[in-house]
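Observations on chain architecture
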Amino acid sequence: MSKRQNPSASAACQVEEKTKLAAVSGKSNADQPEKPAGSRGMDVDGDADMGEFEDAFEDEIEEDEILVEREEDSDGVEMLDEEDDEEEEDEEVAEKKRQVYLPGDILGEGEELQVDNSAYHMLHTMTTQWPCLSFDFVPDNLGNNRSMFPHTMYAVAGTQADRAYKNQVILMKWSQLHRTINDDKSDEDKDDDDINDLDEDPILETKTMRHQGGVNRVRVLQSYQSPLAATWADTGKVHIWDTKKLMNAFENPGTQVPASAQQPLFTIASHGNTEGYSMDWNADGRLLTGDCGSNIYLTTRRNDTGSNFVADRTPFRGHKASVEDIQWSPEEGSVFASSSVDQTIKIWDVRAANHGFALDVPNAHDSDINVISWNRKSRYLLASGGDNGDFKVWDMRKWGDSNGRSTPAAEFKWHRKAITSIEWCPNDESVLAVAGADDQITLWDLAVELDAEEEARHREAMVGSDGTRREVPAQLLFIHQGQQNIKELHWHPQIHGALASTAASGFNIFKTISV
C-alpha cells in the first residue's frame, strides 16, 4: 500500500490557458517588477543590496485592488449576482482545462505554467546580490522537530561574484517564514491554520565576511555550541570560520561582533593551488576535503574551542580523477565514503596506515559520480547521483558478490541532465530529495509499493489529456520547479519536511504536502 499521495497530484504546477507565466516557485524572472533594494530584506551590516525575499503575487494583488476601485468609482453600483455567476462558470471551465504539468510535456498554444499553491505548506523565494553554488544550515536553539509556523532558519552560503575580491561568506537569518496562503480555497474549506496565518513578508538578516575567491562548497559542523563553517575556495584553499559569535549577534540584538570573527580561524593549504568541491565534517570536528586532483586530506581539530587545527599533509590516495563528494559514516566515526569522476565509490578508514581505501565499487555509474548521501537512519544505505541524470541507492551490506560485483538496490532515470545534489530526509529513512541540472527537484519515497489495484489507478492517472501515457515511477512523490541552474539542496535538520535549495536564480525555501 502506498503511504503517500499519488505523485500525479503532487507535481507543483498546472497548465492553464491565458494565465500569467509563472514558474513553480513563483514568477519567472522576466515577469518580476524591479523592487527597491532591501524592500523585503534587512542586512544588519547595512548592505541593502545583499539580498531580499520576493513576493510572487504582489503585482497581481495590486492589480485586483485597482480594478475594484475603478468599478466602484464608475457608477457606485455593485453588480454582484451576475458577475458571481459568470465567475463560477469561468472557474468551472478553467478547472476542466487544468492539468498537472510534468517535465517534457509540450505546452499548447495559449498555455502557460502557473504555480499550484495548494501543493505547498510553505514556499518562499529569496535572491542574493551574487549567486551561491553552495550553502548549509546552521543549527539553532529553537528546538528539534518543530512544525509551528512561522519558521526561522539560519544558513551559511558562499558567493560566486564577477570579481574574486567581491566574494563573501554570508550568514543568513530567514525569519517570519509563514505558511503559504492557498487563495484557491473557498472560505468554507480553509482551516484554522489558514485563517490564523498572517500574510506578512519574510525577513532576511545577514552578516558577511570577505572571502578571497569564489566559494565552491560550504559545510557547517552540526553543533550549536561550535557551529564551525568550512568554505572550499576556487583558489585551492579551504577556510574554517567560527560562526558562533555571528549567531550571538542575531540572537542577542545589540551584541558587537569582534573583528576577529570576520577572519578565518584556520586555512588549509594541503591542496596547494588545486581547487575542489567535496567536503564533510564529522561529529567530533574532523574535516575531510577532496580536490580535483584526486587527493583527499584530513584536518583535525585539537580542542573543543575550534581554535587549534592540524592539517594532514599525507593524502588518501585511490581515486584516479577528481573527487566529487565525500560523506562521513553516520555510525562509525573513522569511516567515510567518496565518489569520483573515475565512476567509482570508495569506502575508507582514516585509521588505515597506508591511507588507502578499504572497499570500492568500480563502474558504479556510467558517468561521473557527482554526489552521494549516506542515510542517517538506515545506515547501510547510500545514494549516488551521476552526471548522466541517473541516481542509485546501494545496500552496502550486499556490496561485492562472489564475482566481486555490486548491484544497486534501486535505480532511477527520471532527470534529463546531471544530478547536482542528493540528500536523504533526516526524519524518514525512505524519503530522498534529488536536484538536477534540468531545473527539477524531485522527492521520492522508496518504500512505496503498489498492489495491482493501485497500480491500475496509477497508470490511469498517468494518461495525459491528449491520450498519451506518461511514465511516472510510483515512488516519485513531488516535482518542484521554477529555479534555473539548481546547484544544491538540503533538508532542514530541525524542521520536519522543510527544504531549501540554491540556484543561479536564487534560493527557494519550501515545505511540500507530500512529506
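Residues numbered from 1 in each chain as written. Predicted model: local features only at pLDDT ≥ 70, side-chain atom pairs only at ≥ 80, totals over all residues. Heavy atoms only, no water.

By the naming in an unreviewed UniProt entry, the protein is Ribosome assembly protein rrb1, taken from Coemansia linderi.

1. Digging into the sheet that holds strand β20 (residues 323-328)
This is how it is decided: Think of it this way: DSSP has to see at least two bridges between two strands before they count as a pair. Under the DSSP-based scheme used, a helix requires at least four consecutive residues in state H or I and a strand at least two consecutive residues in state E, with every element numbered from the N terminus. Axes here mean lines fitted to C-alpha atoms, for a helix over just the part in contact, with angles spanning 0 to 180 degrees between N-to-C directions.
With antiparallel pairing, 4 strands are arranged side by side in an open sheet as β20-β21-β22-β23. Both outer strands of the open sheet, β20 and β23 (357-361), are each paired with one neighbouring strand and no more. When the angles between neighbouring strand axes are averaged without regard to direction, this sheet yields 20°. Bridge count for β20 against strand β21 (residues 335-340) is 5 bridges, and the pairing is antiparallel. The residue of β21 that forms the bridge with D325 is S339.

2. Concerning unusual backbone geometry
Operational definition: For every residue, the accessible area obtained with a 1.4 Å probe (protein chains only) is divided by the maximum for its type, and the residue is called buried under 20%, exposed over 50%, and partly exposed between those limits.
In the segment running from F149 into P150, the intervening peptide bond is cis, with an omega of -5°. Relative to the assigned elements, P150 resides in the loop between β8 (132-137) and β9 (151-159). In this structure, Q343 is a non-glycine residue whose phi angle is positive, near 70°. Looking at the element boundaries, Q343 is found in the loop between β21 and β22 (345-349). The exposure class of Q343 is partly exposed, given its relative accessible area of 24%. A positive phi is found at N485, a non-glycine position, where the angle reads about 60°. Locating N485 in the fold gives a position in the loop between β31 (476-480) and β32 (486-491).

3. Quick word on the pairing of β8
Counted residue by residue, β8 has 5 buried out of 6 residues, so it is predominantly covered. Here 5 bridges tie β8 to β9, and the two strands are oriented antiparallel to one another. Looking across to β9, one finds that C132 is bridged to T159.

4. A word on helix α4 (residues 244-251)
Our working definition: Should any heavy atoms of two residues lie within 4.5 Å, those residues are counted as being in contact.
Those residues of α4 that fall on the buried side of the exposure criterion are K244, L246, M247, A249 and F250. Where α4 is buried, its residues meet β9, β10 (168-177), β11 (203-210) and β14 (238-242).

5. Here we look at the sheet that holds strand β16 (residues 276-281)
Spatially, the 4 strands line up as an open sheet ordered β16-β17-β18-β19, and their pairing is antiparallel. Two strands in the sheet have a free side with no partner beyond their single neighbour: β16 and β19 (309-311). For this sheet the average axis-to-axis angle between neighbouring strands, irrespective of direction, equals 20°. Here strand β18 (residues 296-301) runs beside β19; their pairing, made up of 3 bridges, is antiparallel. Looking at β19, one finds that R301 is bridged to F309.

6. Some details on the pattern of salt bridges
Note the cut-off: Definition used for salt bridges: Asp or Glu carboxyl oxygen within 4 Å of a side-chain nitrogen of Lys or Arg.
All told, the structure shown has 11 salt bridges when counted by the stated rule. A salt bridge links R217 to D325; the shortest N-O distance between them is 3.4 Å. Here R217, found in strand β12 (residues 215-220), pairs with D325, found in strand β20; they are 108 residues apart in sequence, far enough to count as distant. With respect to burial, R217 and D325 carry one shared label: buried. R286 is the partner of D284 in a salt bridge, and the nearest nitrogen-oxygen pair spans 3.3 Å. The class for R286 is buried, based on a relative accessible area of 18%. The structure contains a network of salt bridges with shared partners spanning R217, R219, D325 and E488.

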